[in-house]
Amino acid sequence: MVTRGRGGGEQPDQFLTQPLEPEALPTLELKDLLAFARNPVKHFFQRRLQVYFLDHSIVNQDEEPFQLDGLEGYQLKQRLLLAALNGESLSKLLARVEAAGELPYGLAGQLQTRKLVHDCQEMAQKMEAYYSGHPARRECRLTLELEDGSETELTGWLDDYHENRLLRYRPAHSKGRDMVSLWLEHLVSMAHDNHHDSWFFGLNGRHGFKMFSATKARGHLQDWLNLYRRGSVNRCHCLRTLPGNG
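Once a new chain begins, its residue numbering starts again from 1 and follows that chain's sequence as written. Totals for whole chains, interfaces and linings use all residues, but because this is a predicted model, local features are given only for residues with pLDDT of at least 70 and pairs of side-chain atoms are given and counted only at 80 or more. Each side-chain value is worked out from all heavy atoms of the structure, with water and hydrogens disregarded.

Examining the nonpolar core
Step number 1: The term nonpolar core refers to a set of buried residues drawn from Ala, Val, Leu, Ile, Met, Phe, Trp, Tyr and Cys, joined through side-chain atoms within 4.5 Å. For every residue, the accessible area (1.4 Å probe, protein chains only) is compared with the maximum for its type, and the residue is labelled buried under 20%, exposed over 50%, or partly exposed between those bounds. Counting residues in each nonpolar core, the largest one holds 32 residues, and the members touching the most others are Leu184, Leu187, Val188 and Leu221.
Step number 2: Of all the elements, helix α6 (residues 176–191) adds the most residues to this core, at eight residues.
Step number 3: When checking whether two residues touch, look at their non-hydrogen atoms; a contact exists if any pair is within 4.5 Å. With residues up to four places along the chain from it excluded, the contact list for Leu221 reads Leu142, Leu144, Leu184, Leu187, Val188 and Ala191.
Step number 4: Leu90, Leu116, Tyr131 and Trp199 belong to the second largest nonpolar core, which has 21 residues in total. Put simply, DSSP marks the helices as runs of H or I at least four residues long and the strands as runs of E at least two long, and each gets a number from the N terminus on.

Now the structure itself:
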């Protein structure tokens, strides 16, 4: 619907003029908290309003575009990186990919593929001291108090413990959402009184967080849960400053 403005022009009706009712949070899955942290506005629309944007100009893709063929190209980078990390032959892998018709032909394709291999091999070498071929998985279960006095049980799983440390990586340049996700997972692990650093590797290098006390981690997580609850009531809260990672 539209309304008539002072100048005679039409103006759209205001959307969501009042906050929603607070969402009861007896439990919250870690994956939902991570989704909120990575894209608060998108999460608000999907969880509270059941609105799903299909237009990629509105909702950014989580993965970087790849020159060869979008998502398929990114998946190829992942396969090459995993092969390099596990000591497999990249030339044999590329031969299979080429036989399947998944690589571009000609000199341009060869140059792009050569850069792909170089980037993935270089990244694998930097990760060698941190990566193990048999990552572990640990359960998350924490009871945290919200600002209104209620309690929320945060549940879920933390994957990819390599040599007793959290390790996250992707064959692309790291972005802010990568570090926010790692920070939250690091907090959860610290709150369980684990003692380790956590690291993210991207094409632009290594980034991470040092270990600290479970008490400090629980305090940060309580801040995040309070923000999550406020963000589920009013989309404006989604745009405010997120809890610090100091």
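Quick look at the packing of helix α1 (residues 30–38) against helix α7 (residues 214–231)
Step number 1: Where helices are involved, their axes are fitted lines through C-alpha atoms of the stretch in contact, as for all axes, and angles between N-to-C directions lie from 0 to 180°. At a closest axis distance of 11 Å, the pairing of α1 and α7 adopts a crossing angle of 75°. Relative to α7, α1 is oriented roughly perpendicular. For the pair α1 and α7, the contacting residues are Asp32, Leu33, Phe36 and Ala37 in the first and Trp224, Leu225, Leu227, Tyr228 and Gly231 in the second.
Step number 2: Class assignment for the residues of the contact of α1 with α7 results in seven nonpolar, one polar and one charged. Any angle between 65 and 115 degrees counts as roughly perpendicular, while under 35 counts as roughly parallel, over 145 as roughly antiparallel, and the rest as oblique. Amino acid classes used here: Ala, Val, Leu, Ile, Met, Phe, Trp, Tyr, Cys and Pro are nonpolar; Asp, Glu, Lys and Arg are charged; the rest, including Gly, are polar.

Description of the packing of α6 against α7
Step number 1: Relative orientation of the contacting elements α6 and α7 amounts to 130°, with a least axis distance of 8 Å. Put simply, α6 runs oblique to α7. Two packed elements cross with a definite hand, and for α6 against α7 that hand is left-handed. Mapping the contact onto sequence places Val180, Trp183, Leu184, Leu187, Val188, Met190 and Ala191 in α6 and Ala214, Ala217, Arg218, His220, Leu221 and Trp224 in α7. Each crossing gets its hand from how the near helix is turned against the far one by less than a right angle, where anticlockwise is left-handed and clockwise is right-handed.

Some remarks on the environment of Leu30
Step number 1: Looking at the element boundaries, Leu30 is found in helix α1.
Step number 2: In this structure, the C-alpha to C-alpha distance between Leu30 and Val188, residues 158 residues apart in sequence, is 8.9 Å.
Step number 3: Those residues in contact with Leu30 that sit more than four places away from it in its chain are Leu154, Thr155, Gly156, Trp157, Leu158 and Val188.

Details of the pairing of strand β5 (residues 151–162)
Step number 1: Pairing analysis gives three bridges linking strand β3 (residues 27–29) to β5, with the strands arranged parallel. Looking at β5, one finds that Glu29 is bridged to Thr155.
Step number 2: What makes two strands pair is DSSP finding at least two bridges between them. Bridge analysis of strand β4 (residues 136–145) against β5 gives nine bridges, and the strand direction is antiparallel. Across the sheet, the residue bridging to Glu139 is Trp157, located in β5.
Step number 3: Two successive antiparallel strands, β4 and β5, enclose a turn made up of five residues, where Gly149 displays a positive phi of approximately 95°.
Step number 4: The pairing of β5 with strand β6 (residues 165–169) spans two bridges and is antiparallel. Bridge pairing in β6 links Tyr161 to Leu166.

Considerations on the pattern of salt bridges
Step number 1: Salt bridges are defined by distance alone: a side-chain nitrogen of Lys or Arg within 4 Å of a carboxyl oxygen of Asp or Glu. Going through the model one piece at a time under the given rule, you end up with ten salt bridges.
Step number 2: Arg137 is the salt-bridge partner of Asp159, the closest N and O atoms lying 2.6 Å from each other. Residue Asp159 is found in strand β5, and its partner Arg137 is found in strand β4; the two are separated by 22 residues along the sequence.
Step number 3: Looking at Arg137, the relative accessible area reads 52%, which means it is exposed.
Step number 4: Between Glu185 and Arg168 there is a salt bridge whose closest N-O contact spans 2.9 Å. Of this pair, Glu185 sits in helix α6 while Arg168 is found in strand β6, placing the two residues 17 residues apart along the sequence.

Concerning the packing of aromatic side chains
Step number 1: For Phe, Tyr and Trp, rings pair up if their centres lie within 6.5 Å, where Trp contributes its six-membered ring, and each pair is then called stacked (planes under 30 degrees apart), edge-to-face (over 60) or tilted (otherwise). Taken as a whole and judged by the stated rule, the model has six aromatic pairs.
Step number 2: With centroids separated by 6.3 Å and ring planes inclined at 80°, the aromatic side chains of Tyr131 and Tyr169 adopt a geometry described as edge-to-face. Placement of the pair is Tyr131 in the loop between α5 (106–127) and β4 and Tyr169 in strand β6, with a sequence separation of 38 residues.
Step number 3: Classification of Tyr131 by relative accessible area gives buried; the value is 15%.
Step number 4: Judged by centre distance (5.9 Å) and plane angle (45°), the ring pair of Trp183 and Phe212 falls under tilted. In this pair, Trp183 is assigned in helix α6 and Phe212 in the loop between β8 (205–209) and α7, connecting sequence segments 29 residues apart. There is no split in this pair, since Trp183 and Phe212 are both buried.
Step number 5: Among the aromatic residues, those joined into a ring-pair cluster are Tyr130, Trp199 and Phe201.

So yeah, pure geometry; function would need other evidence.
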